[in-house]
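# Understanding the architecture of this molecule
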Amino acid sequence: MQALQTSVITNNVFDMSAVHAAALVDENGREIPITEEMILSACDELMKLWHFPTAA
């Protein structure tokens, strides 16, 4: 396990080339792949909720 960690993390910077997929785990232990569409949808929802500061 130590060898894997040193190949993925160097100087506290995560090597994104080592990431091939990501998933959520539901209450039954099933992995649900995180898609680009899911990320874009989440970003859109956050933008709707964001309150931009007013000019001082």
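Residues numbered from 1 in each chain as written. Predicted model: local features only at pLDDT ≥ 70, side-chain atom pairs only at ≥ 80, totals over all residues. Heavy atoms only, no water.

## Re the overall build of the protein chain
Counting its regular elements, the protein chain contains two helices and four strands. Taken from the N to the C terminus, the helices and strands of the protein chain come in the order α-β-β-β-β-α. Split into buried and exposed, the 56 residues of the protein chain put 4% on the buried side. Looking at the protein chain as shown, the accessible area adds up to about 5500 Å², and 62% of this sits on carbon and sulfur atoms. (Helix = DSSP H or I, 4+ residues; strand = E, 2+ residues; numbered from the N terminus. Buried < 20%, exposed > 50% of the residue type's maximum accessible area, 1.4 Å probe, protein only. Areas by Shrake-Rupley, 256 points an atom, 1.4 Å probe, with all protein chains shown as cover.)

## Some points on the packing of aromatic side chains
Scanning the entire structure with this criterion turns up one aromatic pair. A centroid spacing of 6.1 Å and a plane angle of 80° characterise the contact between Trp 50 and Phe 52, whose relative ring orientation is edge-to-face. As far as burial versus exposure is concerned, Trp 50 and Phe 52 are alike and both exposed. (Phe/Tyr/Trp six-rings, centres within 6.5 Å; stacked < 30°, edge-to-face > 60°.)

## Overview of the pattern of salt bridges
Applying the stated criterion to the full structure yields two salt bridges. One salt bridge in this structure joins Arg 30 and Asp 26, with 2.9 Å as the shortest N-O distance. In this structure, the salt-bridge partner of Lys 48 is Glu 45, at a minimum N-O distance of 3.2 Å. Of this pair, Lys 48 and Glu 45 both sit in helix H2 (residues 36–49), three residues apart, which is roughly one turn of that helix. (Salt bridge = Lys/Arg side-chain N within 4 Å of Asp/Glu carboxyl O.)

## So, the side chain of Asp 26
Looking at the secondary structure, you find Asp 26 in the loop between strand S3 (23–25) and strand S4 (31–33). On the basis of relative accessible area, Asp 26 is assigned to the buried category, the value being 16%. Within the structure, the side chain of Asp 26 is placed 2.9 Å from the backbone nitrogen of Asn 28, a separation counted as a polar contact. Here the side chain of Asp 26 touches Arg 30 through a polar contact of 2.8 Å, landing on its backbone nitrogen. (Polar contact = N/O pair within 3.5 Å; in protein donor to acceptor, adjacent residues only side chain to side chain.)

By themselves, these observations are geometric and do not establish any function.
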